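So you can see what is in the structure, the chains are spelled out below.
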Amino acid sequence: MKKKYILSFTQDSVDKPITYDLIKKFDIKINIIKANISADEAGHLLVEMDADRESMERCFKYLENNNVEYVPAEKRIIFDQEQCINCGSCTAVCFAEALTLDQESKELIFSPGKCVFCKLCTKACPLGLFEIHFNE
Ligand code: SF4
Ligand code: SF4
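Within each chain, residues carry numbers counting from 1 in the order of the written sequence. Ligands are numbered from 1 and chains lettered from A, in the order in which they are written. For a predicted model such as this one, the threshold for reporting local features is a pLDDT of at least 70, and the threshold for listing and counting side-chain atom pairs is 80 or more; totals across whole chains, interfaces and linings nevertheless cover every residue. To obtain the side-chain values, all non-hydrogen atoms of the structure were included, while hydrogens and water were left out.

Trainee: Just to check I follow, could you spell out helix H1 (residues 18-26) for this structure?
Mentor: Working note: α-helix, 3.6 residues per turn, so residues spaced by three or four point in the same direction. Per-residue accessibility, obtained with a 1.4 Å probe over protein chains only, is compared with the maximum for each type, and a residue is labelled buried under 20%, exposed over 50%, and partly exposed between these values. The secondary structure listing takes helices from DSSP runs of H or I that are at least 4 residues long and strands from runs of E that are at least 2 residues long, numbered from the N terminus. Listed as buried for H1 are Ile18, Asp21, Leu22 and Phe26. The buried residues of H1 occupy one face: seen down the axis, they fall within an arc of 105°. Contact partners of the buried residues in H1: strand E1 (2-9), strand E2 (29-36), strand E3 (43-50) and helix H2 (53-65). Taken from the residues just after H1, Asp27 is the one with a positive phi, measuring 60°. Here the arc refers to the directions that run from the helix axis out to each C-beta atom. Here, residues are in contact when the closest pair of their heavy atoms is within 4.5 Å.

Trainee: Teacher, can you tell me more about the pairing of strand E5 (residues 76-79) here?
Mentor: A regular strand places its side chains on the two faces of the sheet in alternate fashion. What you see with E5 is a clean split: Ile77 and Phe79 sit on the buried side and Arg76 and Ile78 on the side with no burial. In the sheet, E5 pairs with strand E8 (residues 130-133) via four bridges, with the strands oriented antiparallel. Bridge pairing links Arg76 to His133 in E8. Being paired, for any two strands, means DSSP has found at least two bridges between them.

Trainee: Got a minute to help me understand the packing of H1 against H2 in this structure?
Mentor: The packing of two helices is summarised by the inter-axis angle and the distance between the axes. Here H1 crosses H2 at 145°, and the two axes come no closer than 11 Å. The interaxial crossing formed by H1 with H2 has right-handed handedness. Packed against H1, whose contacting residues are Ile18, Asp21, Leu22, Lys25 and Phe26, the element H2 presents Ser55, Arg58, Cys59, Tyr62 and Leu63 at the interface. The residue makeup of the contact of H1 with H2, split by class, is six nonpolar, one polar and three charged. The angle between two axes is taken between their N-to-C directions and runs from 0 to 180 degrees, where each axis is a line fitted to C-alpha atoms and a helix contributes only its stretch in contact. Handedness of a crossing follows from how the near helix is turned relative to the far one, being left-handed for an anticlockwise turn of less than a right angle and right-handed for a clockwise one. Amino acids are sorted into nonpolar (Ala, Val, Leu, Ile, Met, Phe, Trp, Tyr, Cys and Pro), charged (Asp, Glu, Lys and Arg) and polar (every other residue, Gly among them).

Trainee: Just to check I follow, could you spell out a negative patch on the surface for this structure?
Mentor: Every patch collects residues that have over 30% relative accessible area and no salt bridge, joining them within 9 Å if they carry like charges and within 5 Å if they are nonpolar side chains (Val, Leu, Ile, Met, Phe, Trp, Tyr). In this description, accessible areas are obtained by the Shrake-Rupley approach with a 1.4 Å probe, and a residue is regarded as covered only by the protein chains that are shown. Any Lys or Arg side-chain nitrogen found within 4 Å of a carboxyl oxygen on Asp or Glu counts as a salt bridge. In this tally Asp and Glu are treated as negative and Lys and Arg as positive; neither His nor the chain ends contributes. For the purpose of locating charges, the reference atoms are NZ of Lys, CZ of Arg, CG of Asp and CD of Glu. There is a patch of like negative charges on the surface, built from Asp27, Asp52, Glu54 and Glu57. Its location among the elements puts Asp52 in the loop between E3 and H2.

Trainee: What am I meant to see in unusual backbone geometry here?
Mentor: When glycine is set aside, most residues are seen to have a negative phi, and most peptide bonds are trans. Despite not being glycine, Lys106 has its phi angle at roughly 60°, a positive value. Structurally, Lys106 is set in the loop between strand E6 (99-101) and strand E7 (108-110). Phi is positive for Phe117, close to 60°, though the residue is something other than glycine. With relative accessibility at 16%, the residue Phe117 sits in the buried group.

Trainee: Whenever I open this one, the sheet that holds strand E4 (residues 69-72) confuses me. Can you help?
Mentor: In any sheet, the strands associate via hydrogen bonds between backbone groups, in a parallel or an antiparallel arrangement. With respect to topology, four strands assemble into an open sheet ordered E2-E3-E1-E4, the strand pairing being antiparallel. Of all the strands in the sheet, the pair left with one neighbour each is E2 and E4. Taking the axes of each pair of neighbouring strands and ignoring which way they run, one obtains an average angle of 25° across the sheet. In terms of strand pairing, E2 meets E3 through seven bridges, oriented antiparallel. Looking across to E3, one finds that Ala35 is bridged to Leu45.

Trainee: It is not clear to me how the pattern of salt bridges should be interpreted in this structure. Could you clarify?
Mentor: Scanning the model with the defined rule gives one salt bridge in all. Residue Lys25 pairs with Asp21 through a salt bridge whose shortest N-O separation is 3.6 Å. Within this pair, Lys25 and its partner Asp21 are both found in helix H1, separated by four residues, close to a single helical turn.

Take it as geometry only, folks, not as evidence of what the structure does.
Here it is as structure tokens:
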């Protein structure tokens, strides 16, 4: 049961050895694909986790008990670029650097190939220009 998840850490949870525990206590195989996290700050990890169903259920309970939010990495993002006002709000949250502002023109550059489907831009955009669609 191999699947990608975005793990979101709060300031409280970021210092805990969460990934170590998942491997050691729950026998989860973890591949960290992308990380935007540092000591004393909230942050995100994109991971691929592989384990049987029972281990994954115990793992999810452990994450909940430690204030780590987990969401499956979804597969499709839709962006209504024509409506974009280039305010840059989405670039501040996009740790995958799929959303950046051109240094000269100050226009938004969207690189969908870099998107890890974390959904942070859907909350950050004041105009609601992003939609993430589940694959399943
Ligand atoms: S969902 Fe949005 S914020 Fe997250 S990686 Fe993709 S473009 Fe960036
Ligand atoms: S937050 Fe929305 S309006 Fe602002 S630059 Fe990003 S996509 Fe455009």
